[in-house]
Amino acid sequence: NAGVTQTPKFRVLKTGQSMTLLCAQDMNHEYMYWYRQDPGMGLRLIHYSVGEGTTAKGEVPDGYNVSRLKKQNFLLGLESAAPSQTSVYFCATQRGGYSDTQYFGPGTRLTVL
Amino acid sequence: DAKTTQPPSMDCAEGRAANLPCNHSTISGNEYVYWYRQIHSQGPQYIIHGLKNNETNEMASLIITEDRKSSTLILPHATLRDTAVYYCIVKSQGAQKLVFGQGTRLTINP
């Protein structure tokens, strides 16, 4: 039982390159989330999903796209990376309904040059 | 969701109780108080949550004032591994999002 895993752990991109971050969970949770965390700040919600095939915008969605084709996976895409997207990205899951505890992955550290 | 206010930093001696305060004066009746912590560079970790009654689990205790406008997270016997940023979050049950503030950076000193 791995919980929440994120791939890759680290990545360096050049401005304008694209990439996809993968979040995978084996807890059969309905809700999944992508957050970013900049130095010295709290987490900010980028996008989230309340079930397979659904996505919704969070607090800072610009420059990102997401997909939830399978219940266990939530993908975060950067089509044209910018230095402002240098951050640590965390994925989280939540069982859904009235269970509100979120479980976080270990994070992906992304640098855009 | 209601806004929370926490001190930016606190220190505590190893083995003593760490008491972390949180103000949430605009909390409404259906909003819960959640505590998470983030140990350096790791993903946040759930600690405890409550509505109006005091709560205790294997990690901590949560004391909520009778008017629900503030709460205190208590780590009864702090260890060096409890050094982390602690986030107090107010959220209504069933709401999909957690809103993280700046949190309190707790340092446990030997």
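Presented here is a report on the structure given in the accompanying data block.

Calculation notes
- The residue numbering used here restarts from 1 in each chain and proceeds along that chain's sequence as written.
- Chain labels run from A onward and ligand labels from 1 onward, assigned in the order the entries are written.
- Local features in a predicted model are, by the rule used here, given only for residues with pLDDT of at least 70; side-chain atom pairs are given and counted only at 80 or more, and totals for whole chains, interfaces and linings are based on all residues.
- The basis for the side-chain values is all heavy atoms of the structure; hydrogens and waters are excluded.
- The way it works is that DSSP assigns letters per residue, a run of H or I at least four long becomes a helix, a run of E at least two long becomes a strand, and they are numbered from the N terminus.
- Using a 1.4 Å probe on the protein chains alone, a residue whose accessible area is under 20% of its type maximum counts as buried, one over 50% counts as exposed, and one in between counts as partly exposed.
- Whether two residues touch is decided by their heavy atoms; if any such pair falls within 4.5 Å, the residues are in contact.
- Computed by Shrake-Rupley with a 1.4 Å probe, the accessible areas treat only the displayed protein chains as cover when residues are assessed.
- We count Lys and Arg on the positive side and Asp and Glu on the negative side, and we leave His and both chain ends out.
- Every charge is mapped onto a representative atom, which is NZ of Lys, CZ of Arg, CG of Asp or CD of Glu.
- Whenever a pair of cysteine sulfur atoms sits within 2.5 Å, that pair is classed as a disulfide.
- With a 1 Å grid laid over protein atoms only, a set of points is called a cavity when a 1.4 Å probe fits there but cannot get out and a pocket when it is open yet has protein on both sides within 12 Å along at least five of seven lines; lining residues have an atom within 4 Å of a point.
- Grid points are joined across faces, edges and corners, and a volume is the space filled by probe spheres set on the points.
- When residues are sorted by character, Ala, Val, Leu, Ile, Met, Phe, Trp, Tyr, Cys and Pro go into the nonpolar class, Asp, Glu, Lys and Arg into the charged class, and all the rest, Gly among them, into the polar class.
- Buried surface area refers to the total accessible area, computed with a probe of radius 1.4 Å, that the two partners give up upon joining, counted for both partners together.
- Any carboxyl oxygen of Asp or Glu that lies within 4 Å of a side-chain nitrogen of Lys or Arg is treated as forming a salt bridge with it.
- Here the aromatic set is Phe, Tyr and Trp, taking the six-membered ring for Trp, and pairing holds for ring centres within 6.5 Å; pairs whose planes are under 30 degrees apart are stacked, those over 60 apart are edge-to-face, and all others are tilted.

We now examine the overall build of chain A. Looking only at helices and strands, chain A has 0 helices and 11 strands in total. For chain A, the succession of helices and strands along the chain, N to C, is β-β-β-β-β-β-β-β-β-β-β. On the principal axes, the C-alpha backbone points of chain A span a range of 40 × 25 × 25 Å. Expressed as a percentage of its 113 residues, the buried residues of chain A come to 50%. Within chain A, counting contacts between residues at least 6 apart in sequence, those at least 24 apart form 55% of the total. When the accessible surface of chain A is summed, it comes to about 5,400 Å², and 52% of that surface belongs to carbon and sulfur atoms. Across chain A, 11 positive and 8 negative side-chain charges occur, with their mean positions spaced 7 Å apart.

Attention now moves to the state of the cysteines. Inspection of every chain in the model, using the stated rule, returns 2 disulfides over all chains. The side chain of Cys23(A) participates in a disulfide bridge whose partner is Cys91(A); the two sulfur atoms lie 1.8 Å from each other. The sign of the -70 degrees torsion about the S-S bond sets the Cys23(A)-Cys91(A) disulfide as left-handed. Of this pair, Cys23(A) sits in strand β3 (residues 19-25) while Cys91(A) sits in strand β9 (residues 87-96), placing them 68 residues apart in sequence. Given the relative accessible area of 0%, Cys23(A) is considered buried. There is a disulfide in this structure between Cys22(B) and Cys88(B), and the S-S distance comes to 2.1 Å. Between Cys22(B) and Cys88(B), the S-S torsion sits near -80 degrees, and that sign places the bridge as left-handed. Of the two residues, Cys22(B) is situated in strand β2 (residues 18-23) and Cys88(B) in strand β8 (residues 84-92); the sequence distance between them amounts to 66 residues. As far as burial versus exposure is concerned, Cys22(B) and Cys88(B) are alike and both buried. With no disulfide partner, Cys12(B) has as its closest neighbouring cysteine sulfur the one in Cys22(B), 18 Å distant. Judged by its relative accessible area of 10%, Cys12(B) is buried.

The next point concerns the layout of surface pockets. One number sums up the size of the largest pocket: a volume of about 550 Å³. For the lining of the largest pocket, the secondary structure elements donating two or more residues are β9 and β11 (108-112) of chain A together with β8 and β9 (104-109) of chain B. Of the residues assigned to the lining of the largest pocket, the class counts are 11 nonpolar, 12 polar and 3 charged.

At the interface, 22 residues of chain A touch 20 residues of chain B. Counting the surface lost from both chain A and chain B, the interface buries some 1,700 Å², and carbon and sulfur atoms represent 50% of this. On inspection of chain A and its partner chain B, the count reaches 0 salt bridges. Secondary structure elements with two or more residues in the side of chain A that touches chain B: β4 (31-37), β5 (43-49), β9 and β10 (99-104) of chain A.

Let's shift gears to the packing of aromatic side chains. Under the definition given, this model contains 11 aromatic pairs over all chains. Look at Phe104(A) and Phe100(B): their rings are 6.0 Å apart centre to centre, the planes differ by 80 degrees, and that puts the pair in the edge-to-face class. A residue pair is termed interchain when its members come from two chains, as with Phe104(A) in strand β10 and Phe100(B) in the loop between β8 and β9. By relative accessible area, which is 12% here, Phe104(A) ends up buried. When the ring of Tyr87(B) is compared with that of Phe100(B), the centres are 5.1 Å apart and the planes differ by 85 degrees; the resulting orientation is edge-to-face. Here Tyr87(B), found in strand β8, pairs with Phe100(B), found in the loop between β8 and β9; they are 13 residues apart in sequence, far enough to count as distant. Judged by relative accessible area, Tyr87(B) falls into the buried class, the value being 2%. Judged by its relative accessible area of 8%, Phe100(B) is buried. One aromatic cluster is present, formed by Tyr33(A), Tyr35(A), Tyr48(A), Phe104(A), Tyr36(B), Tyr46(B), Tyr87(B) and Phe100(B) through successive ring pairs.

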